[in-house]
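Here is what each chain is made of, one letter per residue.
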Amino acid sequence: MTDHNAQEYIVIKAARENNLKNVSLWIPKRKTTIFTGVSGSGKSSIVFDTIAAESMRLLNENFSMFVRNFLPRYPRPDADEIENLSMAVIVDQKRLGGGSHSTMGTITDISPILRLLFSRVGQPSVGGAHMFSFNDPQGMCSECNGIGRRLGVDLSKAVDMSKSLNEGALMLPEYSVNSWEWNMIVQRGDFDFNKKLSEYSDEELDQLLYDKARKVKVDFAGKEMNITVEGVIEKFTNKYIKQDVKTKSERTQKAVAPFITEGTCPSCRGVRLSQASLSSRINGLNIAEMSSVEVGQLIRAIQEIDNPIAAPIVKSLSERLQHLVDIGLGYLTLDRETDTLSGGESQRVKIVKHLSGSLVDVTYIFDEPSIGLHPRDVHRLNNLLLKLREKGNTVIVVEHDPDVIKVADHIVDVGPYAGSRGGTIVYEGSYQGLLESDTLTGTHMRRSLQLKHDCRQPSGKLSIKDATLHNLRDVSVNIPTGVLTVVTGVAGSGKSTLINEVFLNQHPDAIVIDQSGIGVSTRSNPATYTGIMDEVRKAFASANKVNQSLFSFNSKGACENCQGLGVVYTNLSFLDSVKLPCDIYGGKRFKEEVLAYKLNGKSIAEVLEMTVEQAMDFFDQKKIVNKLRAMSDVGLNYLTLGQPLSTLSGGECQRIKLASELHKKGSIYVMDEPTTGLHMSDIGHLLEIMNRLVDAGNTVIVIEHNLDVIRQADWIIDLGPEGGNKGGQVVFEGMPSEIIDSEQSITGRFLRK
Ligand code: ADP
Ligand code: ADP
Ligand code: ZN
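Residues numbered from 1 in each chain as written. Chains lettered and ligands numbered in written order. Predicted model: local features only at pLDDT ≥ 70, side-chain atom pairs only at ≥ 80, totals over all residues. Heavy atoms only, no water.

Naming follows an unreviewed UniProt entry, where the protein appears as UvrABC system protein A of Neobacillus notoginsengisoli. Per UniProt, the protein carries the Subcellular location (unreviewed entry) text "Cytoplasm". UniProt, in its Sequence similarities (unreviewed entry) section for the protein, records the words "Belongs to the ABC transporter superfamily. UvrA family." (UniProt positions renumbered as here; feature names shortened; annotations may be inferred.)

Structure (structure tokens):
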């Protein structure tokens, strides 16, 4: 490689993070390089733990000593040399948090431009652009402070319209018949106490329930008195909702809680903006209405604006909105709260944010950006990756999807296997070369699984009736039991809504195997999570005739600083967690006296460093071996028993959950894109496990885009036809051999190819 112009490459020499075996690489700058290989082979160790980590460290060196004191001390990644790095931006699948004030519009910087548009050409003109921001005191709805939701009284619980006041129509506490408050209403003499509330005129009802506080003279036991009267609901609101109910006694809180609901703010109807800003319109739409239209349609509405003053703003808005459509997010709305986006959607929103930015010569690092994308839309992602490269950036992608791998300028295949059997580069070069190589990736790129013809017969069915949520409109569908059902459809078609919300609501007993993190504390690791640790401690205790608690992470035997991990993870809210060696007890995890106890020659620390595979050779206790085998079955052979769960990827979390639930029978399993993080060669393994679950009498329901998994289903439910309000219907139900003939099904079309 010495004849290359070294400046044109990111050069890595002898990288040794995690399982890497002195990996040396030249990654072309301003090109797209895709890293592939089985899970656990070492892709992340190169891309994240070496390249991104060094870039972060260099970035930190630029800060003053003062600032650096507040930042983690990034250790230099374990490598002889890492040269020519540019600033790295990591675009991962971590969900976009941000609370209710963070929306698609704010996170993509589209909302400020929309506000500018309204301030320039909105009619009537209401002034400045901040009038249109719900994060600004001037623009926000004063009733709900820009949150869009407000606490209110549940009218159906507060009053019984079918009764008269004498019959107890008022059901709020303190208003029972003959109570003090009730008698105060009698004294006013304004109301007919024998008439049912449903027969009251609107005016009477308004007065009874919503009258503002005012002083009236009443005749009280022959004496004239001045008293304050106030509508029943109005009074309750002032007393328990406008004032913080938490300041009242616990008994009162309990008594009023059933009558309080959280609902859409009545003043702004949930759009969060002040009345003044909502009065301003463009082509008949106010800013809230524009924010609630799907992005794909919003573009058209924006382009209809025919006003020279607005032209530059219209252009810039359309460009950004088009980026969202281009990446397959045209079904989202600008007012969508970012914490409700899925991992894949979040990553794609982040891509759009960067496309609009003006940074050049940045190294962009992506972690499986195809997650959540239907094969139909993968080309959209490819275009965006190429656009980033064309702007003069270096694009590095960890990816398993053959359709993404196809567009790489350069491919690095890591392997040959996982963990200690991986950590080397098995292929480097062009796509064509990969197809001809005999690495696991090359071999699997050349073939795909066959359509399943011998589909199982269902044992029964679970019915969903008239599901109406998000974009679903009266969807009724049967999910067969005792078989493997795959739910598919383009992103935004309604798969998660149907399964994760509607179905799971009706079947809370289903076992959900998702990708959310499982690390409850830094002490959790595969051994503790699967229950192996309990057995290991017993084995150590009986071999050494000591108390088993000695070998526990929360005992006095373990290093308190690192909880027996040997390293300390520092979490910073805006940065990734950083791993630092623990220097108490020389990083030995446990105290000397504990390390002295051995089991077949190994200390507890050495056992925790074993991979699942090594541990299977080491242990012969049945309980331990069974649990290890379950992990090995889900493709986690390469994990070490003591690796903190917080360092596992979403896909690995999902598989470890699967491993610990494998033994159940007669259950419903729900999985959301279980192929995440899995190499093509691992997918066969996953299918075996799913089939084993079904054969043991379970019902398995999977949301998936992976064509190999869809081909192997017993039953397919395809949603669509498109995303958002053009989706939400069942376009196909049936067997794999039938979907390829379906005219409407986009999934069917891709299976035919
Ligand atoms: P890939 O990205 O190809 O799935 P990784 O680079 O994540 O693979 O992992 C390679 C090996 O390094 C695996 O055996 C994995 O368990 C191990 N490993 C990864 N991260 C850590 C960590 N933080 N601590 C210890 N071992 C790790
Ligand atoms: P899929 O799982 O097929 O990608 P989803 O069920 O996530 O589709 O989304 C279906 C539709 O419902 C989309 O238009 C999406 O924007 C909308 N949607 C999903 N979740 C929410 C939510 N929490 N709030 C509002 N709309 C949502
Ligand atoms: Zn409001």
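Additional details are given in the paragraphs that follow.
Novice: What is the right way to read the coordination of the zinc ion (ligand 3) from this model?
Specialist: Ideal geometry at a metal centre gives angles of 109.5 degrees when four donors are arranged tetrahedrally and 90 or 180 degrees when six donors are arranged octahedrally. For the zinc ion (ligand 3), the protein coordination sphere consists of Cys141 (SG), Cys144 (SG), Cys265 (SG) and Cys268 (SG), at 2.3 to 2.4 Å. Mapping the donors of the zinc ion (ligand 3) onto the primary sequence gives the spacing C-x2-C-x120-C-x2-C. Separated by 124 residues along the polypeptide, cysteine 141 in the loop between helix 4 (110-121) and strand 6 (149-153) and cysteine 265 in the loop between strand 9 (260-264) and helix 10 (275-278) bring together distant segments of the chain. Under the relative-accessibility criterion, cysteine 141 is labelled buried at 1%. We classify cysteine 265 as buried; its relative accessible area is 1%. (Donors = N, O, S within 2.8 Å, 3.2 Å for Na, K, Ca; no water. Helix = DSSP H or I, 4+ residues; strand = E, 2+ residues; numbered from the N terminus. Buried < 20%, exposed > 50% of the residue type's maximum accessible area, 1.4 Å probe, protein only.)

Novice: What exactly am I supposed to notice about the site of ligand 1 here?
Specialist: Around ligand 1, the surrounding shell holds 16 residues, and the nearest of these are Gly40, Gly42, Lys43, Ser44 and Ser45. At 2.5 Å from an oxygen atom of ligand 1 is found a side-chain nitrogen or oxygen belonging to serine 45. The dominant element in the shell around ligand 1, judged by the number of residues it contributes, is helix 1 (residues 43-61), at three residues. (Near = heavy atom within 4 Å. Polar contact = N/O pair within 3.5 Å; in protein donor to acceptor, adjacent residues only side chain to side chain.)

Novice: Just checking my understanding: could you explain helix 8 (residues 232-241) for this structure?
Specialist: Residues that lie three or four places apart on an α-helix share one face, since the helix turns once every 3.6 residues. Taken across its 10 residues, helix 8 has seven buried, putting it largely inside the fold. Along helix 8, the positions that sit buried rather than exposed are Val232, Ile233, Glu234, Phe236, Thr237, Tyr240 and Ile241. In this structure, the buried residues of helix 8 make contact with strand 6, helix 5 (155-158), helix 6 (180-188), helix 7 (202-210), helix 9 (250-256) and strand 9. (Contact = heavy atoms within 4.5 Å.)

Novice: Sorry, what's going on with unusual backbone geometry here?
Specialist: Among all residues except glycine, the phi angle is most often negative; among peptide bonds, the trans geometry is most common. Between glutamine 123 and proline 124 the backbone carries a cis peptide bond, its omega angle lying at -10 degrees. With respect to the element layout, proline 124 can be found in the loop between helix 4 and strand 6. Geometrically, the link from glycine 415 to proline 416 is a cis peptide bond, its omega value of 0 degrees lying close to zero. Examined against the element boundaries, proline 416 turns out to sit in the loop between strand 14 (410-415) and strand 15 (424-429). Although it is not a glycine, arginine 30 adopts a positive phi angle of roughly 55 degrees. Relative to the helices and strands, arginine 30 resides in the loop between strand 2 (23-28) and strand 3 (32-36).

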